[in-house]
Amino acid sequence: MNRCRILMTTLVAFFLVVTISFPALGAKTIKIGVIGPMQFVQGKGHWNGATLAAEEVNARGGVKVGNKKMKIELVKADSNEFLNVTDATNAMEMLLSRDKVDFVVGGFRSEAVFAMQDIAMDYKKIFIGAGASHSKLCLRVAEDYDRYKYWFRATPFNEKFLGRTSFIHLATVGAILKKSLNIPKVKVAIVAEKAMWVEPMIAAAKGFIPKVGMEVAGVWQPSQAATDVTAELSAIQRTEAPLIFTIFSASVGISFARQAGELKIPAVQVGINVEAQKDGFLEATQGMGNYVMTLNTFARGVEVNELSKPFMDKYIKRFGETPTYTAETYSAIVYNLVPVIEQAGTLDADKLIPIMETREFKTPSGRVKMVSTPEGKPIHELKWGPGYQTSLGVQWQDGKLVGVWPNKWKAAPKAPEITYKGIVPYKIPPWMIEKYKK
Amino acid sequence: MVLDIIIAGLINGSTYALLAIGFSLIFGVARIVNIAHTAFYMVASYCIYLITQKLGYHPTVGMLVAVPLVTLLGLICYKLFIDPIREHEAAVLIGTIALAIAIQEIMLLIFTGDYLSVPALIQGYFTLFGVKVFHQQLLTFVAALIILGALRMLLMNTKLGLAIRSTAEDREVANLMGMNESRVAMITMGVSVGLAAFTGAVVVPLTIVNPFMWMHPLIMMMAVVVLGGLGSIKGSFMGAYILGFAEALVVFLIPMGSFLKGSVALSIMILVLLIRPEGLFGIAFEEER
Amino acid sequence: MDIVGFYLRKFWMIVKNEVLVLPSRIIVFLFCLLLLLLPVFTQDPYLLRILILTSIFAILAASWDLLSGFTGQMNFGHALFFGVGAYTAALLNLHAHLPPWGSIPLGALGAVLAGLIIGIPCLRLRGTYLALTTLAFPIILMGIVFALPGITGGELGITGLERLARSRVTNYYITVVLMLVLCTIMWKITDSNTGIIFHAIREDELAVRSSGINTTRYKLLAFCLSGFFAGIAGGLYAHFMRIAGPSTLEVSMSFQIVIWAVFGGIVTIYGPIGAVFILYPLLEFFRFWPEYRTLMFAIVILLILLYMPEGLLPWIRAKIETECPRCKIRNIATRKTCRICAAEIE
């Protein structure tokens, strides 16, 4: 009985203390809310990128709004979107109604970002997405401009372009294999996790692969969290396909790479493997992830333009790891929001939007231009293509993640060749060379 | 193809069998549905990760340290959280769920949500009838058989085993006969958690370590135990292999649908329960009046 | 004028003699009053959002108690009804263009159908077997959802649903009033003949059957009723969030519901409702320490289970009220004699 009373009193006291210690309102600052799954790498990327940006801007005195300077204040919000979509919406609502932020950046899981977008649009605050790739998020802008015009996408480009870029990687590696290993017709095994965003890509891949002179050996779809893919790997090996086109965003990317390496499957992996973008990939695959190639936004040593190296160096120095694409919140603040605010001289969203729609600017990952639908309706989507956003193809070589694409890439037969500074040639795994050069 | 299925089925089945036997044991003896069973399996995996990756020892050392450590943890949790509320079945269910969630959060705090992995006890693979099998997978299969044999020996040939079996059959009468029923329950809990830890040690090199890894094995394990019949170790063993084969069949026959293997396994379980509500070898509980 | 005065006096007499005599009834009365009058004092959208979600989950938790508490059919897959209600309402709204007041009841009927489908295999199962089997159903449905991404939107869910109402306050009133009405209905069900039979089935099914009552029918009825209310909660959720996704079918949602109900006290309808109103805002409160939130939640649950295994609300109720030994009427705990029969209470 006594125990219960003590328990009850401590709980009550605890709550009283908490209620009283609400955060106090600070001085006049520009409040930017950073929302993301903070317990995971993606959210950490959101927060780190934003922190770097805020520190940089505040160090030079702040943002010039009209004739006064205001500093940036960041508000962290853990959306917990991987586990609970309701939590994400609550976090967003809290940012907008309690913390009264002026802008929001972040978001990752598409299901949650749809709900979060609706809330931001209710409050008429600019929400810059930095993680969800679903095209419908931007198409909504065209469908209902007055409501959804506050949404912009900073990264990544939508899944159609993701597909297109990975197909280009596929074709490039296929051509390399064909030439170096003398394979007359390269067979491709498509392995994709079971997820919505993958379906159109599989269909498109099945159409694209024959067009570049290769053959589809089969399609396998393990579940996103699959840990044992030996069954799929045995089947793939039986088809004797030297190329595996991977579409993974979840932990199956690690299992697949590890088991393919352990079983010494004679095939290279190209495509999208989000886990392979992380620094910890080799350790997670027990070293078996070598030679895996994937799409990525940043890579150490690769300079897309003159802004890339300073950003990379600063980020690595501050946080000790390569930035993931969610760290584009940095660009969203430093190269997008801040110059636009300074140009417009106000924080009023309705005045900022027309500038944001038409302005073109450079970021460490390329040149940003907002596109419209063929009918001319703005959709606040990133433009893809040489000179704009192309992303990179990266490959694990000897324990390091290096950039291997674009390497003398021509977007069209008459287009100029593109190679970013710091790109190195693609390497074929030695066991493949051994097997095929017999 | 058939060989692929057989071998994959055997290996899947062994993993589930190892987990299910421990779960079934504690249920049969103490009527405790220990939802935190796979959470202890996760703690063992993290222990091994810590010892092999951070401290650099060989995985066998990791196993030898992790299993007793996790067993001790399990016993402490039992004494603190489960023993006092054993009488209320619903409360035990919730308590073990809360315990599992607490363990998950602690792991999340210490290790963050990143995906980690552990090196295999025995590296490499060999080829059996044209199918590539990891040495670790063979180890899992052998371990399942050894554990079953050891457990059978414990239950049939020792005094402790006799106490466990009689407590499982009728708690009150066993108490009347002079067996300290709560001590037997505690020992069984120790054995059960020890089995979970051992499973973690053996199976974890084949899987990815992250704080949410306990949910999926939990569901499959419960399906196996229900299919085989709660309280029957033989049933759990059989159920594990049946569901293991079912999963392998799905993966091989429907490559585009291998994400469905969980659903198919569960549907089989429901179908069996429709025909035989106690599971294959289960004991139908008479309602206590 | 006199008539109005008469009715006012009558109302006051009823309140004085029925409500004000027992602290638990006073609490319920104040609670309803507070909920209904809250928007007069504050219109903070964040607070209203939390309360709307709490009300929706309260309906859900109470519906679980109807099935698993009263009828004793331990249902570990309650998220199935929630998800089916949400998805059905979403599909009807999107494709058939039904407004929310049409799609939500029809969504609930869909959940009733689901209740029948899972009720039939579960008729012969008891105890833990039943619990573990019901756990399987939402998982199977999730597999089906992923297998048919064209219809169900896969892991993204169905987006672009209509709102319940234009303003946040209207949303609030709709949900809260609905919650009070539905929970009163559930409470009345448990007090009725059907409710007594449900309770009897929980206590001793064999005896009920030997009394000549068709337990199969009543068990199926319990599944359907529980499914109906949970389906309404699902529809409300889908229309409030404007998205119906596979997160409504997750195992963690089922577990969450069971935790709420057992925390608050099963075999009472008010228990789960009180629990949700305490725990859900609590979880939001803990947002200040995002890493420790769920951990603290789990520890609170464990502590409550250790000290109050019957549930929090029955424990509180036992502290503030006692039952008269002679006439079994409840009295406030400070009384020495029963208010009805004047017998002595220790």
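A.B. asks: Is there a simple way to think about the interface of chain B and chain C in this case?
C.D. replies: Size of an interface: often given as the accessible area lost when the parts come together. Contact residues are listed per partner, giving 36 residues for chain B and 33 residues for chain C. Sorting the residues of the side of chain B that touches chain C by element identifies helix H4 (89-111), helix H9 (215-228) and helix H11 (261-275) of chain B as the ones contributing at least two each. For the side of chain B that touches chain C, the element with the most residues is H4 of chain B, which contributes 12 residues. Here the residues of the side of chain B that touches chain C are counted per class, giving 29 nonpolar, 5 polar and 2 charged.

A.B. asks: Any chance you could explain the pairing of strand S8 (residues 215-220) of chain A here in plain terms?
C.D. replies: Remember that side chains alternate between the two faces of the sheet whenever the strand is regular. Residue and element names in this part refer to chain A. One ladder, built from 5 bridges, connects strand S7 (residues 187-192) with S8; its direction is parallel. Within the sheet, the bridge partner assigned to Ile190 lies in S8 and is Val219. Between the parallel pair S7 and S8, the chain is carried across by helix H8 (residues 199-211), and the sense of this crossover is right-handed.

A.B. asks: Looking at this structure, I do not really get the sheet that holds S8 of chain A. What am I missing?
C.D. replies: Adjacent strands of a sheet form backbone hydrogen bonds with each other and so pair up, either parallel or antiparallel. Residue and element names in this part refer to chain A. Strand order in the open sheet formed by 4 strands is S8-S7-S9-S10, and the pairing between neighbours is parallel. Pairing within the sheet leaves two strands with one partner each, and these edge strands are S8 and strand S10 (268-273). Strand-to-strand twist across the sheet, computed as the mean angle between neighbouring axes with direction ignored, equals 20°. Docked against the sheet, helix H9 (residues 230-239) engages S7, S8 and strand S9 (243-248), running at close to 165° with respect to S8. Packing of helix H10 (residues 252-262) onto the sheet brings it into contact with S7, S9 and S10, and relative to S9 it is tilted by some 155°.

A.B. asks: Can you help me understand H11 of chain B in this one?
C.D. replies: One turn of the α-helix equals 3.6 residues, which is why residues spaced by three or four share an orientation. End to end, H11 of chain B covers 22 Å across 15 residues, agreeing with the expected 21 Å (1.5 Å per residue, within 8%). Among all positions of H11 of chain B, only Lys261, Gly262, Ser263, Ala265, Leu266, Met269, Ile270 and Leu273 of chain B are buried. Of the surrounding secondary structure, the elements contacted by the buried residues of H11 of chain B are H9 and helix H10 (233-253) of chain B together with helix H5 (100-122) and helix H6 (127-147) of chain C.

A.B. asks: Just checking my understanding: could you explain the sheet that holds strand S3 (residues 68-78) of chain A for this structure?
C.D. replies: Residues and elements named next belong to chain A. Judged by pairing direction, the sheet is mixed, and its 6 strands sit side by side in the order S2-S3-S1-S4-S5-S6 without closing on themselves. The outermost strands of the open sheet, each flanked by one partner alone, are strand S2 (63-65) and strand S6 (151-155). This sheet shows a mean twist of 30° between the axes of neighbouring strands, independent of strand direction. Strands strand S1 (29-36), S2, S3, strand S4 (103-106) and strand S5 (126-130) of the sheet are contacted by helix H2 (residues 41-59), whose axis makes an angle of about 165° with S3.

A.B. asks: Can you help me understand the nonpolar core in this one?
C.D. replies: Within the largest apolar cluster, 344 residues are counted, with the highest numbers of intra-cluster contacts made by Leu243 and Ile333 of chain A, Ala44, Ile94 and Ala223 of chain B together with Ala61 of chain C. Dropping the residues within four chain positions of it, Ile333 of chain A is found in contact with Ile32, Ala50, Ala53, Ala54, Val105 and Val338 of chain A.

A.B. asks: Quick question: what am I supposed to make of the packing of helix H1 (residues 2-30) of chain B against H9 of chain B here?
C.D. replies: When two helices pack together, their arrangement is given by the angle between the helix axes and the distance between those axes. Residue and element names in this part refer to chain B. Where H1 contacts H9, the axes come no closer than 9 Å and their chain directions differ by 70°. The pairing of H1 with H9 is recorded here as roughly perpendicular in orientation. When you trace H1 past H9, the crossing you get is right-handed. Across the interface between the two elements, Tyr16, Leu19, Ala20, Phe23 and Ser24 from H1 touch Pro217, Met220, Met221, Val224 and Val225 from H9. Here the contact of H1 with H9 is composed, by residue class, of 9 nonpolar, 1 polar and no charged.

Cut-offs and rules
Residues numbered from 1 in each chain as written. Chains lettered and ligands numbered in written order. Predicted model: local features only at pLDDT ≥ 70, side-chain atom pairs only at ≥ 80, totals over all residues. Contact = placed C-beta atoms within 7 Å. Helix = DSSP H or I, 4+ residues; strand = E, 2+ residues; numbered from the N terminus. Nonpolar A, V, L, I, M, F, W, Y, C, P; charged D, E, K, R; others polar. Pairing = 2+ DSSP bridges. Right-handed = clockwise from strand over helix to strand, strands pointing away. Axes fitted to C-alpha atoms, helices over the stretch in contact; angles between N-to-C directions. Expected span 1.5 Å × (residues − 1). Buried ≥ 20, exposed ≤ 12 C-beta atoms within 10 Å, placed from the backbone. Core = buried A, V, L, I, M, F, W, Y, C linked by C-beta atoms within 7 Å. Parallel < 35°, antiparallel > 145°, perpendicular 65-115°, else oblique. Left-handed = near helix turned anticlockwise from the far one by under 90°.

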